[in-house]
Amino acid sequence: MIDFGRFYQQIAVGPLAKWLEVLPAQISEWQRENLHGHFRDWYKSLEYLPLLAPQKLDLLHSVTADRDDISDRHRQGIEKLLRNLMPWRKGPYSLYGTHINTEWRSDWKWERVLPHISPLAGRTVLDVGCGSGYHMWRMIGAGAHLVVGIDPMQLFLVQFEAVRKLLNDDRRAHMLPLGIEQLPALQAFDTVFSMGVLYHRRSPLDHLLQLKNQLVSGGELVLETLVIEGDVNQVLVPGERYAQMRNVFFIPSAEALKSWLEKSGFVDVRIVDFARTTTEEQRRTDWMTSESLAEFLDPDDASKTIEGYPAPLRAVLVATKP
Ligand SMILES: Nc1ncnc2c1ncn2[C@@H]1O[C@H](C[S@+](CC[C@H]([NH3+])C(=O)[O-])CC(=O)[O-])[C@@H](O)[C@H]1O
């Protein structure tokens with residue numbers, strides 16, 4: 001099974017130590033409930049993957065690892081095992097010659113976010129809804145001291161662990177299979193990222209408070225989510241589906257979101273970026289072969305989703321916990 005024990009040891013001394021009062025029991029319960037079905041097959045592929053130390057490693061401009069002494073057969077074996085972990089949504093990764101062309105160009109989001117945030121050098125970081133952990137490695141590349149990602153999806157945890165193994169079991173980043181609502185108020189992270197999560201939360205103001213509870217005083221929240229155009233009073237609550245997604249609850253205007261952050265006690269709230277999601281940024285690839293954004297938009301009018309709502313527009317907001 002995935003070894004979380006070394007993470008517990010790593011945080012035993014320091015500001016995250018109080019997490020150990022609840023974390024091991026939560027993880028044990030997760031392990032009891034997740035030892036079956038797909039997870040076992042995915043885990044087998046993870047076990048077969050070699051532990052490799054990269055000679056070339058880039059986490060600053062991409063997530064790339066390679067060695068020049070690996071045979072073609074060995075490379076093909078790695079690709080096959082990584083393909084067993086499809087669909088790959090967040091990336092791209094380049095690992096020993098295998099280019100994982102993921103559904104999302106998550107590197108584009110990172111390029112939009114990074115210029116606007118406090119430098120990550122030396123910081124302890126939480127990435128809420130981290131997916132396969134692509135942005136976590138880029139946070140390490142930007143100098144973060146320790147990055148913890150949380151995401152409840154089994155497959156994403158196995159993908160994260162697969163990448164980690166190919167990065168020589170790098171212990172600067174850790175992922176835990178938890179939802180944000182399971183975290184106690186740790187007040188221990190210098191930067192907290194919540195990217196692509198708020199619209200999935202039934203209670204968005206509670207989400208903002210949960211994020212605030214993870215930050216040290218003076219810490220920074222980086223919030224990225226779907227927004228609509230409009231003034232401080234505009235919020236879209238879609239019907240059963242938005243762009244085919246079932247679990248979408250609140251899509252505020254950026255101004256409304258700013259006011260929610262202020263109401264939640266954040267200060268120095270800034271709207272730093274807007275981006276329309278394009279079918280170049282989110283698309284079907286041979287690593288994610290099911291439907292993607294192109295199929296979720298109105299075929300006659302790409303400014304609308306197939307349900308008739310405004311097409312995905314995303315904003316990045318940065319705020320400080322006083
Ligand atoms: N309660 C929860 N707690 C934590 N995570 C959750 C929860 N519910 C869902 N998730 C996770 O949040 C992620 C949202 S995707 C953003 C990925 C990355 N951040 C990105 O910005 O590319 C959204 C998107 O692709 O639009 C998924 O991995 C969920 O499993």
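Residues numbered from 1 in each chain as written. Predicted model: local features only at pLDDT ≥ 70, side-chain atom pairs only at ≥ 80, totals over all residues. Heavy atoms only, no water.

A. Local environment of the sheet that holds strand S8 (residues 146-150). Strand order in the open sheet made by the seven strands is S9-S8-S7-S10-S11-S17-S14, with mixed pairing throughout. Each end of this open sheet is capped by a strand with a single partner; those strands are strand S9 (173-176) and strand S14 (267-276). The sheet shows a mean angle of 15 degrees between the axes of neighbouring strands, taken without regard to direction. Pairing between strand S10 (residues 189-195) and strand S11 (residues 215-227): six bridges, direction parallel. Directly across from Phe189, in S11, lies its bridge partner Leu215. Lying on the sheet, helix H8 (residues 204-212) is in contact with strand S7 (124-128), S10 and S11; it crosses S11 at an angle near 145 degrees. (Pairing = 2+ DSSP bridges. Helix = DSSP H or I, 4+ residues; strand = E, 2+ residues; numbered from the N terminus. Axes fitted to C-alpha atoms, helices over the stretch in contact; angles between N-to-C directions. Contact = heavy atoms within 4.5 Å.)

B. Focus on the site of the ligand. Taken together, 20 residues are adjacent to the ligand, and Lys90, Lys109, Gly129, Asp151 and Tyr199 come closest. One of the side-chain N or O atoms of Glu181 is found 2.9 Å from a nitrogen atom in the ligand. Within the side chain of Tyr199, one N or O atom sits 2.3 Å away from an oxygen atom of the ligand. Surface burial for the ligand is 88%, taken as the share of its 640 Å² of free accessible area covered by protein chains. Of the residues belonging to the shell around the ligand, the class tally is nine nonpolar, five polar and six charged. (Near = heavy atom within 4 Å. Polar contact = N/O pair within 3.5 Å; in protein donor to acceptor, adjacent residues only side chain to side chain. Areas by Shrake-Rupley, 256 points an atom, 1.4 Å probe, with all protein chains shown as cover. Nonpolar A, V, L, I, M, F, W, Y, C, P; charged D, E, K, R; others polar.)

C. Looking closely at the packing of helix H5 (residues 106-113) against helix H6 (residues 134-141). The N-to-C vectors of H5 and H6 enclose an angle of 45 degrees; their axes lie 10 Å apart at closest approach. With respect to H6, the axis of H5 lies oblique. Once H5 is placed against H6, the crossing between them reads as right-handed. Residue-level contacts link Ser106, Asp107, Lys109 and Trp110 of H5 to Tyr134, His135, Arg138 and Met139 of H6. Of the residues assigned to the contact of H5 with H6, the class counts are three nonpolar, two polar and three charged. (Parallel < 35°, antiparallel > 145°, perpendicular 65-115°, else oblique. Left-handed = near helix turned anticlockwise from the far one by under 90°.)

D. Focus on the pattern of salt bridges. Counting across every chain of the model gives 22 salt bridges. Note that Lys109 and Glu224 form a salt bridge whose closest N and O atoms lie 3.0 Å from each other. Of this pair, Lys109 sits in helix H5 while Glu224 sits in strand S11, and the two are 115 residues apart along the sequence. Lys109 sits in the buried class, given a relative accessible area of 8%. The exposure class of Glu224 is buried, given its relative accessible area of 1%. Between Glu161 and Arg164 there is a salt bridge, and its shortest N-O distance comes to 3.0 Å. In this pair, Glu161 and Arg164 both sit in helix H7 (residues 154-166), three residues apart, roughly one turn of the helix. Summarising the burial analysis for this pair, Glu161 and Arg164 share the class buried. Through salt bridges with shared partners, a single network forms among Asp3, Arg6, Glu161, Arg164, Asp169 and Arg171. (Salt bridge = Lys/Arg side-chain N within 4 Å of Asp/Glu carboxyl O. Buried < 20%, exposed > 50% of the residue type's maximum accessible area, 1.4 Å probe, protein only.)

E. Inspection of the side chain of Asn34 at higher detail. Turning to its location among the elements, Asn34 is positioned in the loop between helix H2 (23-33) and helix H3 (38-48). Look at Asn34 and you get buried, because its relative accessible area is 11%. Side-chain polar atoms of Asn34 contact the side chain of Gln154, separated by 2.4 Å. Discounting chain neighbours no more than four positions away, the residues touching Asn34 are Phe39 and Gln154.

F. How the structure looks around the UniProt feature "binding site: carboxy-S-adenosyl-L-methionine" (unreviewed entry) in the chain. Here the UniProt feature "binding site: carboxy-S-adenosyl-L-methionine" (unreviewed entry) sits at Lys90, Trp104, Lys109, Gly129, Ile180, Glu181, Met195, Tyr199 and Arg314. These residues run over 225 residues, and the two farthest C-alpha atoms among them are 25.7 Å apart, placing them at more than one spot. Mapped onto the elements of the fold, Trp104 is located in strand S6 (residues 104-105). Residue Trp104 is classed as buried on the basis of its relative accessible area, which comes to 9%. Every residue in contact with Trp104, bar those within four places of it in the chain, is listed here: Arg89, Lys90, Gly91, Pro92, Thr277, Glu281, Gln282, Arg283 and Arg314. Looking at the element boundaries, Met195 is found in strand S10. (UniProt positions renumbered as here; feature names shortened; annotations may be inferred.)

G. Geometry of the sheet that holds strand S4 (residues 93-95). Taken together, the four strands give an open sheet; going across it, the order is S1-S2-S4-S5, and neighbouring strands pair in mixed fashion. Every other strand in the sheet has two partners, leaving strand S1 (56-58) and strand S5 (98-100) as the edge strands with one partner each. Mean inter-strand twist for the sheet, computed between neighbouring axes without regard to direction, equals 10 degrees. Relative to S5, S4 runs antiparallel, the two sharing three bridges. Within S5, the residue paired with Ser94 across the bridge is His99.

H. Layout of the packing of aromatic side chains. With the rule as written, the count across this model stands at 10 aromatic pairs. Judged by centre distance (5.5 Å) and plane angle (90 degrees), the ring pair of Trp30 and Phe39 falls under edge-to-face. For the pair Trp30 and Phe39, a shared accessibility class is recorded, and that class is buried. Between Phe39 and Tyr43, the aromatic rings sit 6.2 Å apart at their centres with planes inclined by 20 degrees, giving stacked as the arrangement. With Phe39 and Tyr43 both in helix H3 and four residues apart, this pair spans about one turn of that helix. The same class applies to Phe39 and to Tyr43, which are both buried. Ring pairs connect the aromatic residues Phe7, Trp19 and Phe189, which therefore count as one cluster. Above the plane of the ring of Trp287 lies Arg83, whose end atom (NZ or CZ) is 4.0 Å from the centre. (Phe/Tyr/Trp six-rings, centres within 6.5 Å; stacked < 30°, edge-to-face > 60°. Lys NZ or Arg CZ within 6 Å of the ring centre and 35° of its normal.)

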